[in-house]
Amino acid sequence: MQDKKIAALIQKAQKAVVIALNKWDSSALPGGSDSELLARHVAGLREKMFFLDHGPVTALSARTGANVSRLFAVIERVRQHARRRITTGELNRLLRSIIERQPPPYHGNRQFKLLYATQLAAADPRPFEPPEFLLFVNDPQLLRKSYLTFCRHGCEKALDFPGP
């Protein structure tokens, strides 16, 4: 339960995340491969913490040191992706394709329209700061939070942003 509360705080703060499954050395079960067991654990974790589905998962053992170096490699990959710049053209093509596949809902007789989007440059870039985008739209009131979240998830998947 505590893990879910911490995960919710991470998601609310829009911070990068890496999920580490510790004590992997004591998780081996007879009759199944480690990869099958890991897949089941990850599936269960993704089901419980569906709102952190963008965070990469790594299994390790702090006691034996197994896969600890892999954890640091994953952290570095998340850091590199958080600093990545997306061109305005690429971002606009991506958002338009997401919007075309699933158009925003109408509110009365009006509908949200994206004019264009661009990535903001951080004035004081921090290592794990999530990328920020500025959207120019017809009416900000028409962009519902749920639809913005839908677009954000589409961008994360298409751009392979692990963690943020």
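These notes cover the structure that comes with them. Model, not experiment: these values are computed from the prediction. (Residues numbered from 1 in each chain as written. Predicted model: local features only at pLDDT ≥ 70, side-chain atom pairs only at ≥ 80, totals over all residues. Heavy atoms only, no water.)

Things to note about the packing of aromatic side chains
Applied cut-off: For Phe, Tyr and Trp, where Trp contributes only its six-membered ring, two rings pair if their centres lie within 6.5 Å, and the inter-plane angle classes them as stacked under 30 degrees, edge-to-face over 60, or tilted in between. Think of it this way: any DSSP run of H or I at least four residues long counts as a helix, any run of E at least two long counts as a strand, and we number them from the N terminus.
For the coordinates displayed, the defined rule picks out three aromatic pairs. Between tyrosine 116 and phenylalanine 136 the ring centres are 4.5 Å apart and the planes differ by 15°, which places this aromatic pair in the stacked class. One end of the pair, tyrosine 116, is in strand E5 (residues 114-119); the other, phenylalanine 136, is in strand E6 (residues 133-137), with 20 residues separating them in the sequence. Ring geometry for tyrosine 147 and phenylalanine 150: centres 5.6 Å apart, planes at 35°, overall tilted. Of this pair, tyrosine 147 and phenylalanine 150 both sit in helix H5 (residues 145-159), three residues apart, which is roughly one turn of the helix.

Here's the deal with a nonpolar patch on the surface
Our working definition: Exposure above 30% relative accessible area and no salt bridge define the residues that can form patches, which grow by joining like charges within 9 Å and nonpolar side chains of Val, Leu, Ile, Met, Phe, Trp and Tyr within 5 Å. The protein chains shown are the only cover counted for residues, whose accessible areas, like all others here, come from Shrake-Rupley with a 1.4 Å probe. In the sections that follow, a salt bridge refers to a side-chain nitrogen of Lys or Arg positioned within 4 Å of a carboxyl oxygen of Asp or Glu.
On the surface, Leu115, Tyr116, Leu120, Leu134 and Phe136 cluster together to form a nonpolar patch covering roughly 420 Å² of accessible area. Those elements that provide at least two residues to the nonpolar patch are E5 and E6.

Re the pattern of salt bridges
Note the threshold: Here the term buried applies to any residue with accessible area under 20% of the maximum for its type, exposed to any over 50%, and partly exposed to those in between, with areas from a 1.4 Å probe on protein chains only.
Scanning all chains against the criterion turns up three salt bridges. The residue arginine 79 makes a salt bridge to glutamate 76 at a minimum N-O spacing of 2.5 Å. Of this pair, arginine 79 and glutamate 76 both sit in helix H3 (residues 68-82), three residues apart, which is roughly one turn of that helix. Glutamate 76 gets classed as partly exposed once you look at its relative accessible area, which sits at 33%.

Some details on the packing of helix H4 (residues 88-101) against H5
In a pair of packed helices, the angle between the axes and the distance between the axes together describe the arrangement. We count it as follows: Angles run from 0 to 180 degrees between N-to-C directions of axes, and those axes are lines fitted to C-alpha atoms, restricted for helices to the stretch in contact. With respect to orientation, any angle under 35 degrees is reported as roughly parallel, any angle over 145 as roughly antiparallel, any angle of 65 to 115 as roughly perpendicular, and every other angle as oblique. Left-handed describes a crossing whose near helix is turned anticlockwise from the far helix through less than a right angle; right-handed describes the clockwise counterpart. By the convention used here, residues are in contact when the closest approach between their heavy atoms is within 4.5 Å. Polar here means any residue outside two lists: the nonpolar Ala, Val, Leu, Ile, Met, Phe, Trp, Tyr, Cys and Pro, and the charged Asp, Glu, Lys and Arg; Gly therefore counts as polar.
Taken N-terminus to C-terminus, the directions of H4 and H5 make an angle of 120°; their axes are 10 Å apart at the nearest point. Compared by their axis directions, H4 and H5 come out oblique. For the pair H4 and H5, the crossing hand works out as right-handed. Along the contact surface, H4 presents Glu90, Leu94, Leu95, Ile98 and Ile99, while H5 presents Tyr147, Phe150, Cys151, Gly154, Cys155, Ala158 and Leu159. Across the contact of H4 with H5, the residue classes break down as 10 nonpolar, one polar and one charged.

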